[in-house]
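Examination of the molecular architecture
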Amino acid sequence: MKEFKRYMVTSALPYANGPVHIGHLAGVYIPSDIYVRYLRLKGKDVLWVCGSDEHGVPITLKAKKEGKHPQEIVDKYHEIIKKSFKDLGISFDIYHRTSAKIHHETAAGIFKTIHDKNGFIEKTTEQYYDPEARQFLADRYITGTCPHCGYEKAYGDQCEKCGTSLSATELINPKSTISGAKPELKPTKHWFLPLDTYEPFLKKWILEEHKEWKPNVYGQCKSWIDQGLQPRAVSRDLDWGVPVPVENAEGKVLYVWFDAPIGYISATKALTPDWEKYWKDKDTKLVHFIGKDNIVFHCIIFPSMLKAEGSYILPDNVPANEFLNLEGDKISTSRNWAVWLHEYLEEFPGKQDVLRYVLTANAPETKDNDFTWKDFQARNNNELVAILGNFVNRAIVLTGKYFDGLVPERINPDEADTAVLNEISEIRQKVEHSIENFRFREAMKEAMNLARLGNKYLAETEPWKLIKTDEDKVKTILNIALQISASLSIVLEPFLPFTAEKIRKILAIDKIVWDDLGNHDLLKAGHKIGKAELLFAKIEDKEIEYQVNKLLATKEQNKEESHEPVKDEISYDDFMKMDIRSGVILEAEKVPKTKKLLKLKVDTGVDQRTIVSGIAEYFKPEEIIGKQVSLLLNLAPRKIRGIQSQGMILMAEDKNGKLYFVAPQENIKPGALIK
RNA sequence: GGCGAGGUAGCUCAGCUGGUUAGAGCGCAUGAUUCAUAAUCAUGAGGUCGUGAGUUCAAGUCUCACUCUCGCUACCA
């Protein structure tokens, strides 16, 4: 394996429209913190950067909804996120943000360089522009009269009445749905990164040269490359983001995925004037920690951008984790189904390492995993308290009791004693190997084995018995138990930094270096150690119940609060325009090559017609034949997957997206009017 | 539907290029022990390795089909 002179580590930028939860931590931030802390202890030259991703449409929407400026939104979450990371001991060298000036300059600079090298494809199209709102309008934000059927409220992309696909420019009397103003046709230019031209490069670089990447990452990349890459737009008509730095680009910003990864570079710039050697020197090892949803951006798009720019190095590895679930359900910010970091820190003060431990032990390294509070409690009580905390406590208490807290000397250690000391080095090697291969779960387990080793050693030697007959032997035993404790304070530092620090405080030592791990004389005979202090406290059932109840309450609330806002008022006439009737499904078959579509033949009472409906995920064709349904008959026909769909089946949808038929409770002849 | 990843003891996971009775931690049972936060230590019981075929002297490990979970993608008037 290549030896690198220095390391550049990045962690995915959290999106600043909400706080950070345990899924983020287990997937990205804790693994990278372990990795970086380890490298630092080894004395490596390493920089680790992260920051808030503050651009993009969702933030502007959230701002609009709350009547605020996007900057207010990102300011709020940036502070919450930054503080909670710090409190958990996530040791970024810098936590930056993409709304910062230096980021805008950096992103613009990179765009400009690629632009000047003709690295983009430019495409100009005529698009509607709203002079009042002063922005370009997406097709959906324009209504007008359909040139085919004369329907007055056709959308810019499609007429709902006759079903024809339209382009906004075909509409007669177009109107902006934002301001109501009459939009003007203006040429708008966009820039595309021609990913297709990077295909040969990506093929060689990933598929041939990085076979060691994790299977999920490698497989995902292969899938994308094999399917053929398309040029991707790198700009948007929006007023929140990094302005496109060329002439005649007013109202255009860089697409958020273009500017976000550049945030790594700008953060490094903000950190040190020496930033270039971390990003441009071939002897730097660049590692991106991300979640699986980010694989394509970090393995395909960002490297292509850097390649296009020309002067940057490419990542050596992109360790992506899978997702963490919570109590069996997907974590969801919008449904408030999460354990929020800032809340955890308040509710479990001083227990940062417990969360770090549980999330590492349970990290979704190879497949999605589940976090449960019961498991959280069990790991704390049975592993941290019983194995680790207990061992260190035993060693300290015994030393206090027998030798007044003075480290005793080793006198004629026998074979078993030496074997135990030597085992520390073996554990060290295993931990190193695992961390360097991004297997943190395994690494931490090995580290914990050191505490297991200590417990076993004490149980076998029984110093509390020997003290009556052979004090010299007890000295040797406790010396070794203390050396193990000291080594624990090193090996645990990457995983449980607060605990490692606590152990050092009790042992009254300060300096630690990874290479001291396994040293048999970390504590000199005669050194005075401090008083025993518990490393971990048991977590009682009550605390766990509280958390579980909190989640149950969320579940209840989600059930109740699933109301969409009430739509705009309509007139009775509007309602009566709809022709809703009961009907019966006569035939049903799956539309080939789709997941959700069923082609149905229904008896409407007046005729038999074909309807295509997106319900295949919840109903099998044979199950619904003969089923009574409610039909909207006079909906404009529309072609779906090549099949003309004449009407719509009415369905109720719950918050999880599950569908339910809406139909008369008792059997009724097809064709009965519903009003 | 296409593509990718995964399906190994109650739970969380190891099992490298196929090779003796499939491993670990936690939980569970029994025993030992009391220095320690009823903590620890030892021993043990738990698996037809998603299902079904095939290749091979030999398959959890290779091939094919099927099935379930997750993700990307197409697609839900």
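A brief report on the enclosed structure follows. Think of each chain on its own: its residues are numbered from 1, step by step along the sequence as written. The naming scheme follows written order: chains are lettered A onward, ligands numbered 1 onward. Whole-chain, interface and lining totals are the exception, using all residues; otherwise, since this is a predicted model, local features are given only for residues with pLDDT of at least 70 and side-chain atom pairs are given and counted only at 80 or more. Excluded from the side-chain calculations are hydrogens and water; all other atoms, namely the structure's heavy atoms, are used.

1. Quick notes on helix H13 (residues 415-436)
- The helix and strand labels rest on DSSP assignments: H or I over at least four residues marks a helix, E over at least two residues marks a strand, and numbering proceeds from the N terminus. Given a helix with a known number of residues, its expected span is that number minus one, times 1.5 Å. Here H13 is 22 residues long and its end C-alpha atoms lie 32 Å apart, about the 32 Å a rise of 1.5 Å per residue gives.
- When a residue's accessible area, from a 1.4 Å probe over protein chains only, is under 20% of the maximum for its type it is buried; when over 50% it is exposed; and in between it is partly exposed. Burial in H13 covers these residues: Asp 417, Val 420, Leu 421, Ile 424, Ile 427, Arg 428, Val 431, Glu 432, Ser 434 and Ile 435.
- Residues count as neighbours in contact if any of their non-hydrogen atoms are within 4.5 Å of one another. Of the surrounding secondary structure, the elements contacted by the buried residues of H13 are helix H1 (22-41), helix H14 (440-461) and helix H16 (471-491).
- Distance and chemistry together define a polar contact, namely a pair of N or O atoms within 3.5 Å, with one atom able to donate a hydrogen and the other to accept it when in protein, and with adjacent residues in sequence counting only for side-chain atoms on both sides. Where H13 begins, one side-chain oxygen reaches toward the backbone nitrogen of Ala 416, 3.1 Å away; that side chain belongs to Asp 414.

2. So, the protein's contact with RNA strand B
- The rule for a residue being near a molecule or strand is that one of its heavy atoms must lie within 4 Å of it. Around RNA strand B lies a shell of 53 residues, among which Ser 223, Asn 369, Arg 441, Gly 614 and Leu 635 are the nearest.
- A distance of 3.0 Å separates a phosphate oxygen of RNA strand B from a polar side-chain atom of Thr 366.
- For RNA strand B, a base nitrogen lies 3.3 Å from a polar atom in the side chain of Lys 596.
- Elements with a contribution of two residues or more to the surface near RNA strand B: helix H6 (215-227), helix H12 (373-403), H14, helix H15 (463-466), strand S20 (608-613) and strand S22 (638-640).
- Lys, Arg, Asp and Glu make up the charged group, whereas Ala, Val, Leu, Ile, Met, Phe, Trp, Tyr, Cys and Pro make up the nonpolar group; the residues left over, Gly among them, are polar. Per-class residue counts for the surface near RNA strand B are 19 nonpolar, 15 polar and 19 charged.

3. Brief notes about the nonpolar core
- Here, nonpolar core refers to any group of buried Ala, Val, Leu, Ile, Met, Phe, Trp, Tyr and Cys residues whose side-chain atoms link them within 4.5 Å. If you look at the biggest cluster of nonpolar residues, it comprises 163 residues, and the most contacted ones within it are Ile 206, Phe 376 and Leu 488.
- For this core, the element with the highest residue contribution is H1, accounting for 12 residues.
- Once residues lying within four places of it in the same chain are set aside, the contact partners of Ile 206 are Lys 211, Trp 213, Tyr 218, Cys 221, Ile 225, Cys 299 and Ile 300.

4. Structural notes on the pattern of salt bridges
- Should a side-chain nitrogen of Lys or Arg be within 4 Å of a carboxyl oxygen of Asp or Glu, the pair is scored as a salt bridge. With the rule as written, the count across this model stands at 39 salt bridges.
- The partner of Asp 283 in a salt bridge is Lys 5, with the nearest N and O atoms 3.4 Å apart. Note that Asp 283 is positioned in the loop between helix H8 (275-280) and strand S13 (284-291) and Lys 5 in the segment before strand S1 (6-11), a separation of 278 residues in sequence.
- Given a relative accessible area of 24%, Asp 283 falls into the partly exposed group.
- Look at Lys 5 and you get exposed, because its relative accessible area is 58%.
- For the salt bridge of Lys 112 with Asp 116, the shortest nitrogen-to-oxygen distance reads 3.4 Å. On the criterion of helical spacing, the pair formed by Lys 112 and Asp 116 is a turn pair, its members being four residues apart in helix H4 (residues 101-116).
- Given a relative accessible area of 35%, Lys 112 falls into the partly exposed group.

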